[in-house]
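Each chain, written out:
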Amino acid sequence: MPRALFVAATKQHIGKTTTAVGIVAGLKERFKNVGYIKPVGQQHVAVESKDGVQIRVDKDVRLFKEFFDLTHCDYGDMSPLIIPSGYTKQFLDGEVKKGQQIESIVQAFQRVEAVSDFVVIEGTGHCGVGGIVEMDNARVAALLGVDMVLVCNAGIGSSFDELELNRLLCEKHGVNIKGVILNRVQEDKMEETKRYFEKALSRWKGCQLIGCIPYNSYLHAPAMIDYEKLFRRKICAGQKDRMRHFDKRMLMATSMSRFVNLLQMEEHRNTLWVTDDSRTDLVMALAEHVLACKAAGKDWEGGLILGGSEGAEFDDDGAEPLPAVYTDVKRALMKADFPVLRITHDVTEAMKMMNHYTAKLSADDQRRTSAAADHTKPMLDFEKLLAKAL
């Protein structure tokens, strides 16, 4: 059996990639060359291959290669199969052959394995994702002959139910589930969750609880760069703080006196404020508050999103300077120098979009990736992770 491990999840948005970061970080303390491969990718980015050719790879491949400096692995091998828009129809029409997919994945894995002491294989979503093109996670793990670790949300009943659905698909393809990692566990329920989950897992031969990772608010707090991606706009002020994360966000739709009082509260030092661009009074008050904090030597780490710019002219890069009528406000914002994003959506729609948005690890935000590694790695039992399957 290859010295490799397949990391999959029970469903979307539960921290699989964050957990995989912790796994790779821990393995790099134990092995000289740790490889990484994401056999089937969906969201892709452009990178330069070792031959100087621009290719497209899964976005998480760029994250792992750059953050962990995996110079021994080639981009092309780390992301052998990308499923862009239209690919599924091409497969069903017979334009893409299953055998071609298998050959690409197997050969890429073999090349990564050949230059690595251990390889982490990250799946895409739950075990069934990719089934439409006959390359779901369970099938790929079976193809590569590796054990799987499943990441699931904290809990007992519902979490185990989700595990059972994924286990059945793995069983169908003959994949051994080595262990389970629970993510986002409430700290006050850590011991109780461990105790009962270990009891539940005892019915599955050879499957152990590898770790319980507590909830971390910072890892789930979007940065301004995330909102740039969400709204497809570039910030028009405070560019140096694009990576700034926010503890909370609030709609600025109140009286001036009420807003000024809110700004004085310590709990709003790291708040992202959202308002319509017609509320120049509140925007000016915010800029003045930031300037006052800086003059007093106090840190202010908030931000601002201005909505209601529908129909406005935007630059080619997605950024929009404030209009001429904003001359005084613009001058104040630029002087205050904190992140400001103008968007075309009205504030109600913007708040709805932000409430449903899940921030992801990104190669552009290495501070959050580093925090993810530091948070998850100590919570994992690497002896269990590396033990031979029973």
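Relevant structure appears above.
What counts, and at which threshold
- As a convention, each chain's residues are numbered from 1 in the sequence order in which they are written.
- Residue-level local features of this predicted model are given only where pLDDT is at least 70; pairs of side-chain atoms are given and counted only at 80 or more, and the full residue set underlies all totals for whole chains, interfaces and linings.
- The side-chain figures draw on all heavy atoms in the structure; neither hydrogens nor water molecules are used.
- Segments assigned H or I by DSSP are reported as helices when at least four residues long, segments assigned E as strands when at least two residues long, and all are numbered from the N terminus.
- Each residue is assigned to one of three classes by its accessible area relative to the maximum for its type, calculated with a 1.4 Å probe on protein chains only: buried under 20%, partly exposed between the two thresholds, exposed over 50%.
- Here, a strand pair is defined by DSSP locating no fewer than two bridges between the strands.
- To obtain an axis, a line is fitted to C-alpha atoms, over the contacting stretch when the element is a helix, and the angle between two such axes runs from 0 to 180 degrees between their N-to-C directions.
- The contact definition used throughout considers only heavy atoms, calling two residues in contact when any of these lie within 4.5 Å.
- Place the viewer so that the strands point away; then a crossover is right-handed whenever the path from the first strand over the helix to the second strand goes clockwise.
- Arc definition: directions from the helix axis to the C-beta atoms.
- Any two of the Phe, Tyr and Trp rings considered here, Trp counted by its six-membered ring, make a pair once their centres fall within 6.5 Å; the pair's planes then place it as stacked at under 30 degrees, edge-to-face at over 60, or tilted in between.
- Disulfides are defined as pairs of cysteine sulfur atoms found within 2.5 Å of each other.
- What we call a nonpolar core is a set of buried Ala, Val, Leu, Ile, Met, Phe, Trp, Tyr and Cys residues that are connected through their side-chain atoms within 4.5 Å.

**Student:** Give a detailed account of unusual backbone geometry, specifying residues and quantitative values.
**Tutor:** We note that D69 has phi near 55 degrees; this positive angle belongs to a residue other than glycine. Note that D69 resides in the loop between α2 (59–67) and α3 (75–78). In this structure, R232 takes a positive phi of about 55 degrees despite not being glycine. Judged by relative accessible area, R232 falls into the exposed class, the value being 71%.

**Student:** Explain the sheet that holds strand β14 (residues 340–342) residue by residue, including any values.
**Tutor:** In space, the 4 strands of this open sheet follow the order β11-β12-β13-β14, with parallel pairing throughout. The two strands at the open ends of the sheet, each matched to only one other strand, are β11 (248–251) and β14. Neighbouring strand axes in the sheet, compared pairwise and without regard to direction, differ in orientation by 20 degrees on average. Taken together, the 3 bridges between strand β13 (residues 303–307) and β14 define a ladder with parallel strand orientation. Its bridge partner being in β14, L304 is matched across the sheet by V340. Those strands touched by helix α13 (residues 347–355) are β11, β12 (271–276) and β13, and its axis lies near 150 degrees from that of β12.

**Student:** Which residues make up the pairing of strand β10 (residues 208–214), and what values do they have?
**Tutor:** Most of β10 is tucked away, with 6 of its 7 residues classed as buried. Examined bridge by bridge, strand β9 (residues 177–185) and β10 share 6 bridges and lie parallel to one another. Each bridged residue has a counterpart across the sheet, and for V180 the counterpart in β10 is L209. In this region the chain leaves β9, passes through helix α8 (residues 190–201) and returns to the parallel neighbour β10; the handedness of that crossover is right-handed.

**Student:** Which residues make up the side chain of T10, and what values go with them?
**Tutor:** Within the secondary structure layout, T10 lies in the loop between β1 (4–9) and α1 (16–28). Classification of T10 as buried rests on a relative accessible area of 6%. Excluding its chain neighbours within four sequence positions, the residues that come into contact with T10 are H126, V151, C152, E162, L163 and N166.

**Student:** Go over helix α10 (residues 256–263), please, and point to the residues and values.
**Tutor:** Inspection of α10 places F259, L262 and L263 among the buried residues, and these make up the whole buried set. Across the axial projection of α10, the buried residues extend over an arc of 100 degrees, all falling on one side. Those residues of α10 that are buried lie in contact with β11, β12 and α11 (280–295).

**Student:** So what's going on with the packing of aromatic side chains? Residues and values would help.
**Tutor:** In this description, an aromatic ring pair is defined by two values, namely the gap between the centres and the angle between the planes. Considering all chains together, one arrives at 9 aromatic pairs under this definition. Ring geometry for Y36 against F64: centres 4.0 Å apart, planes inclined by 5 degrees, an arrangement best described as stacked. With Y36 in strand β2 (residues 34–37) and F64 in helix α2, this pair connects stretches of sequence that are 28 residues apart. Judged by its relative accessible area of 0%, Y36 is buried. Looking at F64, the relative accessible area reads 0%, which means it is buried. Three or more aromatic residues joined by ring pairs make a cluster, and in this case those are Y36, F64, F67 and F68.

**Student:** Lay out the state of the cysteines in plain terms, naming residues and giving numbers.
**Tutor:** Two cysteines joined by a covalent bond between their sulfur atoms form a disulfide. Scanning all chains against the criterion turns up 0 disulfides. Cysteine C152 remains unbridged, with the sulfur of C212 as its closest cysteine sulfur at 8.9 Å. C170 carries a free sulfur, and the closest cysteine sulfur to it, the one in C127, is 3.7 Å from it.

**Student:** Before we move on, could you go through the nonpolar core and cite the residues and values that matter?
**Tutor:** Judged by nonpolar contacts, the single largest core of 82 residues is most densely connected at F64, I121, M148 and F197. Non-local contacts of F197, meaning those with residues more than four positions away in its chain, are made with C152, G155, I156, S159, F160, L163, V180, L182 and L209.

**Student:** Describe the pairing of strand β8 (residues 147–153), listing the residues and the values that go with them.
**Tutor:** The buried fraction of β8 amounts to 7 of the 7 residues, a majority that puts the element mostly inside the structure. The sheet contact formed by β1 and β8 spans 5 bridges and is parallel. Paired with A8 across the strands is L150, a residue of β8. Where β8 meets β9, 6 bridges bridge the pair, whose relative direction is parallel. Opposite L150, over in β9, you have V180 as the bridge partner. Chirality of the crossover, the property in question, places the unit of β8, helix α7 (residues 157–172) and β9 among those that are right-handed.

**Student:** Please set out the sheet that holds strand β7 (residues 118–126) residue by residue, giving values where relevant.
**Tutor:** Judged by pairing direction, the sheet is parallel, and its 6 strands sit side by side in the order β2-β7-β1-β8-β9-β10 without closing on themselves. The strands lining the two open edges of the sheet, one partner per strand, are β2 and β10. For this sheet the average axis-to-axis angle between neighbouring strands, irrespective of direction, equals 20 degrees. As defined by bridge partners, β1 adjoins β7 across 5 bridges and the pair is classed as parallel. Its bridge partner lying in β7, A4 is registered against V119. The sheet strands contacting α8 are β8, β9 and β10, and the helix crosses β10 at an angle near 155 degrees.

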